[in-house]
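Coordinate inspection notes
So the chains spell out like this:
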Amino acid sequence: MKIAIVSEKESLDARMDSRFGRCSYFAIYDTDRKTTDFFPNPAKESSEGAGPEAVKFIASKGVKRVVAPEFGKKAEAILEKLQIEMVNRKDKTISEIIKEFE
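Because the structure is predicted, anything quoted here is derived from the model rather than measured.

Observations concerning the environment of arginine 22
- By the element assignment, arginine 22 lies in the loop between strand S1 (2–7) and strand S2 (25–30).
- Counting along the chain gives 31 residues from arginine 22 to glutamate 53, while the straight-line C-alpha distance between them is 9.7 Å.
- If near-sequence neighbours (up to four positions away) are discounted, arginine 22 is found in contact with Asp17, Asn41, Ala43, Lys44, Glu45, Ser46, Ser47, Glu48 and Ala50.

Some details on the pattern of salt bridges
- Taken as a whole, this structure holds seven salt bridges when the rule is applied.
- Residue glutamate 53 pairs with lysine 56 through a salt bridge whose shortest N-O separation is 3.5 Å. Separated by three residues within a single helix, glutamate 53 and lysine 56 lie in helix H1 (residues 50–60), roughly one turn from each other.
- What makes glutamate 53 partly exposed here is its relative accessible area of 37%.
- A relative accessible area of 52% places lysine 56 in the exposed class.
- Of the charged contacts in the structure, one is a salt bridge between arginine 89 and glutamate 100, with a shortest N-O distance of 2.7 Å. Placement of arginine 89 in the loop between strand S5 (85–88) and helix H3 (94–101) and of glutamate 100 in helix H3 is noted, with a sequence separation of eleven residues between them.
- The exposure class assigned to arginine 89 is partly exposed, which follows from its relative accessible area of 28%.
- The class for glutamate 100 is partly exposed, based on a relative accessible area of 33%.

Cut-offs and rules
Residues numbered from 1 in each chain as written. Predicted model: local features only at pLDDT ≥ 70, side-chain atom pairs only at ≥ 80, totals over all residues. Heavy atoms only, no water. Helix = DSSP H or I, 4+ residues; strand = E, 2+ residues; numbered from the N terminus. Contact = heavy atoms within 4.5 Å. Salt bridge = Lys/Arg side-chain N within 4 Å of Asp/Glu carboxyl O. Buried < 20%, exposed > 50% of the residue type's maximum accessible area, 1.4 Å probe, protein only.

In structure tokens form, the structure reads like this:
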């Protein structure tokens, strides 16, 4: 399973970003391969609709679960429709989140 985690930087030691739609990076952890890839969030600079655009991006990567401190209402609706599980976590590093799912 692929899990997307909002990240401030491109590092396992990075803190989670406080935002979903406008996070700096998505860390995508593959539970089968035990690998993590970082992707810049293409929706970060969107003038509007960053949440839905971010959902489309992570869905295109095959993500089935996403971890963020909170989600906007529009993003939540699309995540539910796509059956992507939402997990709320705050103030952790990317590596701490990964350990929770190993």
